[in-house]
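Residues per chain are reported as follows:
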Amino acid sequence: MSSVEGTIADEPAQQELPLARVHGAPLLRLPEDLYIPPDALEVFLETFEGPLDLLLWLIRRQNLDILDIPVAQVAEQYMAYVELMRELRLELAADYLVMAAVLTEIKSRMLLPRPEGDTEEDDPRAALVRRLQDYARFRHASEVLALRPQFGRDVLPLAVALPPDERPSAQVAVSLDELLAAMTDVLARSALSAHHHVHREPLSVRERMSLILERLGTGEFTALATLLDAAEGRPGVVVSFIAILELTREHLIDLAQNEAYGPIYLRRAA
């Protein structure tokens, strides 16, 4: 025990844990005229994510073999770090104290003499070595993953707020084929509502033309589908379609379409 303490005391000063870093330079001693209010510090020295992280840092700093850890030396340095945090009144997680107890137990078991001829006893450091190896692998994997582009950090979605488009929509010329396609669609839907009651109704193209002009009397655009009533059956739809063709031929109504293969609209000619 005394030989280990002497080794630690003889270590070079540059291996001591710095209290802080000022412009990258380590600060080993606090200035005499510096006043630190109680519980004023929250971040101290290196940032460790847990006791295993601190142990791995101590081992790598001294280039120690993780499979043959000098527990006494590492435990002394670990306890020095914990005591230093206590002296500066820093909040210490319970995990660090648990690890300190584990290191003390391993150190005590290694100091106990083994029975003669007992070669089957496990190394007290074996469980700790396995935990350190697993932690080192996961930490290396997390560092590799952190180098990859992350959505929201390295790759950001493009969001551009465009002003509202107030331009009038372009009107597409309506062809006879599109009118026939619209009529075919209405006829297909009218076949679904066909019934077996047959009665004859006089249908007049001129009367239907007057009815369509009356419905378009406001001068606003009206959808073609609203003028072709599928409930009238095939004869009623045909008469309405012929009436629309006649009104178009006589330039009494205008046809409009906002986009190709879109709905067709009608209104009275100006």
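Our subject is the structure that appears above.
The model shown is predicted, which means the values in this text are computed figures rather than measured ones.

1. Digging into the overall build of the chain
Turning to step 1, where the next piece is worked out: What the chain contains, in helices and strands, is nine helices and five strands.
Turning to step 2, where the next piece is worked out: Moving toward the C terminus, one meets the helices and strands of the chain in the order α-β-β-α-α-α-α-α-α-β-α-α-β-β.
Turning to step 3, where the next piece is worked out: The buried share among the 270 residues of the chain stands at 27%.
Turning to step 4, where the next piece is worked out: Summing over all exposed atoms, the chain offers an accessible surface of approximately 19,600 Å²; the carbon and sulfur share of this is 55%.

2. Remarks on the pattern of salt bridges
Turning to step 1, where the next piece is worked out: What the rule picks out here adds up to eight salt bridges.
Turning to step 2, where the next piece is worked out: Between Arg137 and Asp134 there is a salt bridge; the shortest N-O distance is 2.2 Å. Remark: Asp134 and Arg137 occur in helix H5 (residues 126-146); sequence separation between them is three residues, near one turn of the helix.
Turning to step 3, where the next piece is worked out: Close ionic contact of Arg249 with Glu246 constitutes a salt bridge, the shortest N to O distance being 2.7 Å. Residue Arg249 and its partner Glu246 are located together in helix H9 (residues 233-249), separated by three residues, close to a single helical turn.
Turning to step 4, where the next piece is worked out: By relative accessible area, which is 23% here, Glu246 ends up partly exposed.

3. Quick look at the pairing of strand S5 (residues 264-268)
Turning to step 1, where the next piece is worked out: In this sheet, S5 lies alongside strand S3 (residues 222-223) in antiparallel orientation, the contact comprising two bridges. Considered in S5, the bridge of Thr222 is made with Leu266.
Turning to step 2, where the next piece is worked out: The pairing of strand S4 (residues 253-257) with S5 spans five bridges and is antiparallel. Within S5, the residue paired with Gln257 across the bridge is Ile264.
Turning to step 3, where the next piece is worked out: Between the end of S4 and the start of S5, which pair antiparallel, lie six residues, with Tyr261 showing a positive phi angle near 60 degrees.

4. Here we look at the nonpolar core
Soluble globular proteins tend to bury their nonpolar side chains together.
Turning to step 1, where the next piece is worked out: Core analysis: the largest hydrophobic core is formed by 26 residues, its most contacted members being Leu54, Leu55, Tyr78, Met99, Leu103, Leu128 and Leu132.
Turning to step 2, where the next piece is worked out: At the level of elements, helix H2 (51-61), helix H3 (71-87), helix H4 (94-111) and H5 are the ones that each hand at least two residues to this core.
Turning to step 3, where the next piece is worked out: The greatest single-element share of this core, amounting to seven residues, is contributed by H3.
Turning to step 4, where the next piece is worked out: Residues in contact with Leu55, not counting those within four places in the same chain, are Val74, Tyr78, Met99, Leu103, Leu128 and Leu132.

5. Considerations on the sheet that holds S5
Turning to step 1, where the next piece is worked out: Strands sit in the order S3-S5-S4 across an open sheet of three strands; the sheet is antiparallel. Edge strands, defined here as strands with exactly one partner in the open sheet, are S3 and S4.

6. Structural notes on the side chain of Glu178
Turning to step 1, where the next piece is worked out: Following the sequence through the fold, Glu178 ends up in helix H6 (residues 176-192).
Turning to step 2, where the next piece is worked out: Not counting residues within four places of it along the chain, the set of residues in contact with Glu178 comprises Ala173, Gln257, Tyr261 and Ile264.

7. Focus on the packing of H2 against H5
The description of two packed helices rests on the angle between their axes and on the distance between the axes.
Turning to step 1, where the next piece is worked out: Relative orientation of the contacting elements H2 and H5 amounts to 90 degrees, with a least axis distance of 10 Å. Considering their axes alone, H2 and H5 lie roughly perpendicular with respect to each other. Residue-level inspection shows Leu52, Asp53, Leu55, Leu56, Ile59 and Arg60 of H2 in contact with H5, the latter providing Leu128, Arg131, Leu132, Tyr135, Ala136 and Arg139.
Turning to step 2, where the next piece is worked out: The residue makeup of the contact of H2 with H5, split by class, is eight nonpolar, no polar and four charged.

8. Points about H5
Turning to step 1, where the next piece is worked out: Between the first and last C-alpha of H5 there are 30 Å, a value that for 21 residues agrees with the 30 Å anticipated at 1.5 Å per step.
Turning to step 2, where the next piece is worked out: Here H5 has its buried residues at Leu128, Val129, Leu132, Tyr135 and Ala136. Buried residues of H5, seen end-on, are gathered within an arc of 125 degrees and therefore sit on one face of the element. More than 90 degrees from the buried face of H5, the exposed residues found are Arg130, Arg137, Phe138 and Leu145.
Turning to step 3, where the next piece is worked out: Each element contacted by the buried residues of H5 is listed here: H2 and H4.

9. Let's talk about H9
Turning to step 1, where the next piece is worked out: Compared with an ideal rise of 1.5 Å per residue, which puts 17 residues at 24 Å, H9 spans 25 Å between its outermost C-alpha atoms and is within 8% of the ideal.
Turning to step 2, where the next piece is worked out: Every buried residue of H9 is accounted for by Gly233, Gly236, Val237, Val239, Ser240, Phe241, Ala243, Ile244 and Leu247.
Turning to step 3, where the next piece is worked out: Residues of H9 that are buried make contact with H6, helix H7 (205-215), helix H8 (224-227), S4 and S5.
Turning to step 4, where the next piece is worked out: One or two positions beyond H9, positive phi appears at His251, with a value near 60 degrees.

Scoring rules and cut-offs
Residues numbered from 1 in each chain as written. Predicted model: local features only at pLDDT ≥ 70, side-chain atom pairs only at ≥ 80, totals over all residues. Heavy atoms only, no water. Helix = DSSP H or I, 4+ residues; strand = E, 2+ residues; numbered from the N terminus. Buried < 20%, exposed > 50% of the residue type's maximum accessible area, 1.4 Å probe, protein only. Areas by Shrake-Rupley, 256 points an atom, 1.4 Å probe, with all protein chains shown as cover. Salt bridge = Lys/Arg side-chain N within 4 Å of Asp/Glu carboxyl O. Pairing = 2+ DSSP bridges. Core = buried A, V, L, I, M, F, W, Y, C linked by side-chain atoms within 4.5 Å. Contact = heavy atoms within 4.5 Å. Axes fitted to C-alpha atoms, helices over the stretch in contact; angles between N-to-C directions. Parallel < 35°, antiparallel > 145°, perpendicular 65-115°, else oblique. Nonpolar A, V, L, I, M, F, W, Y, C, P; charged D, E, K, R; others polar. Expected span 1.5 Å × (residues − 1). Arc of directions from axis to C-beta.

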